[in-house]
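Chain and residue survey
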Amino acid sequence: MPGASRRALPAVLSVGVLALAACGSPGAGGGGGAGAAGTPRSGGTLTYAVGTDVLCADPQQAGNGDELAAARGLVDSLTAHDPDSGKQVPWLASSWEVGEGARSFTFHLRTGVTFSDGTPLDAQVVKGNFDNVAKLGAHAVQATSYLAGYRSTTVVDPQTVRIDFDQPNAKFLEGTSSPSLGLVAAATLAKSAADRCSEGVIGSGPFTLERFTRNQQVVETPRKDYAWAAANAAHQGPAYLSSLVFKVVPQDGVRSGGLRSGQFDAIGAVGPQDRQPLRAAGYQLLTRAVPGLVYSLNVNVARPATADPAVRTALRLALDRQQIVDTVLGDGSKAATSVLASTTPGYTDLGPKLAADPAGAARLLDGAGWTKGPDGIRAKDGARLTLVAVWFGGAGPVQTSLELAQQQLKAVGVELTLRPIAIAQAIATFKAGDYDLIDGQGSNADPDILRTYYNPQGLNVVRLPAGPLQDLLNSQATEADPAVRAQQVGKAQQQLVDDGYAIPLYEATGVVGLAPRVHGVSFDAASRPQFHDAWLS
């Protein structure tokens, strides 16, 4: 099929529990960028304030979205995922073929590409990259997740490389567009994992790393000889900026204030409380739904009350998602219409199943023998319908949305106890299963995140029993036929909702605030900002 042409804990969290992205207001959809204002001009420093730690300057080991955004400009990938069409398009590979059964992928490399140390891109260095990622193991959880069943990489000729797997790997092609599999020079491959994190990498991207101060800032400068951008880029040549600076600023208000004062030209994760004031003051808000899992209350079916299907269905019906969006998250945010976000390949619209029906929820609970007590909370066989919901991180929109859900559930006789958990305890919490509900969201541009999150071999958040759903999650990961895989992913979403394993709430939304003089910033398919086409007026 021709082409259209660290650390373990943070990486697991980034796909499993805590993408605490702020939810946005109307802005560019798809991969659209900041509005154009004349002819792009060169020069100027763009300072972008991010909200989460930047601990590693190696994209193959990066574990969160801000690290990947900072590293994106340093490395190119074999393919690019066009966010508007949803298709893979050429980048460092001018074309490719997928072997029968998605066990073999052959890439024909673009000629004339060099790394920033002057060494050429060829099949041998591509082989070195994939062999090295496989060896990084737990240091590169995001990257190695795309290499499930990796066997070997073969140099067919200097500009042709073949990657073989022991089993079908349906998400590998998507992985080749990720910065997690961005290609680095042989000199970088010779370094230790720790040195690559602290010192950065040599890539073929439009920017080079000038300075990296862990958890403080990343400073990048453009390559003057860059001429091989992805097929969907606005231009092929060097970046327009003279410097790109990422600054770590955890506090929402400080980022917003810095944008207003001119200290920052762009800020990430714009908080709900800051969006309307910024827009009213003339600042641009660039928004896009984050692909992957929406924010959901995931149900541990191994607990006594939630083992009852009537309870799980009642929870789904009792929640008013649009009220949560309107009250807590603001305009531009979207109520969930499936377990997967609408920007995820394979997304299936299940909106009618997620309509609020508190009266229907009450009838279900009545019929299942859950009767209201004097305080309005239901009980059955002497056990109160009290559910413990855990969530990760500090106060913010996630907590506020859960507090509103708590009120909605109380109205139908369900008592919800909220228990915040430190991020560092996330994996231990999953393993222990000491919760009835767990709030989570996971960012990934491939629907296989369903298997990562729900399957017993993954995070196993819902204690999924053996059966058709588990079979669907496993089979889609190795299904070579895209149409068949899409059907399997669609069925998995329906079953997660119908059986009450997942109770979707709202989509995570990437929100970037931009000063009026900033143009050309756009989102990639994972809703991370990219700056190769950015310029300042």
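Just so we're clear, the structure is a prediction, and the values are computed from it rather than from any experiment.

Across the interface, helix α10 (residues 309-318) lies against helix α12 (residues 358-367) with an axial gap of 7 Å and an inter-helix angle of 165°. Taken together, the axes of α10 and α12 are roughly antiparallel relative to one another. When the axes of α10 and α12 are compared, the crossing they make is left-handed. Of the residues in α12, those touching α10 at A310, V311, T313, A314, L317 and A318 are P358, G360, A361, L364 and L365. In terms of residue class, the contact of α10 with α12 is built from nine nonpolar, two polar and no charged.

So, on to the pattern of salt bridges. Under the defined criterion, the tally for this structure stands at 21 salt bridges. As a salt-bridge pair, E199 and K191 come within 2.8 Å of each other at their nearest N and O atoms. Residue E199 is classed as partly exposed on the basis of its relative accessible area of 44%. For K191, a relative accessible area of 33% corresponds to the partly exposed category. Two residues, K353 and D498, come together in a salt bridge whose shortest N-O distance is 3.0 Å. With K353 in the loop between α11 (321-329) and α12 and D498 in helix α17 (residues 482-498), this residue pair connects regions lying 145 residues apart in the sequence. Take D498: its relative accessible area is 34%, and that puts it in the partly exposed class. It is possible to trace a salt-bridge network through shared partners that takes in R303, R419, D434 and D436.

Here the largest cavity defines a volume of roughly 40 Å³. For the largest cavity, the full set of lining residues is V54, C56, A57, E67, A70, A71, L74, L209, V218 and E220. Mapped by element, the contributors of at least two residues to the lining of the largest cavity are α2 (65-72) and β9 (217-222). No other element matches the three residues that α2 contributes to the lining of the largest cavity.

Criteria and thresholds
Residues numbered from 1 in each chain as written. Predicted model: local features only at pLDDT ≥ 70, side-chain atom pairs only at ≥ 80, totals over all residues. Heavy atoms only, no water. Axes fitted to C-alpha atoms, helices over the stretch in contact; angles between N-to-C directions. Helix = DSSP H or I, 4+ residues; strand = E, 2+ residues; numbered from the N terminus. Parallel < 35°, antiparallel > 145°, perpendicular 65-115°, else oblique. Left-handed = near helix turned anticlockwise from the far one by under 90°. Contact = heavy atoms within 4.5 Å. Nonpolar A, V, L, I, M, F, W, Y, C, P; charged D, E, K, R; others polar. Salt bridge = Lys/Arg side-chain N within 4 Å of Asp/Glu carboxyl O. Buried < 20%, exposed > 50% of the residue type's maximum accessible area, 1.4 Å probe, protein only. 1 Å grid on protein atoms, 1.4 Å probe; cavity = no way out; pocket = protein on both sides within 12 Å on 5 of 7 lines; lining within 4 Å. Points joined across faces, edges and corners; volume = space filled by probe spheres on them.

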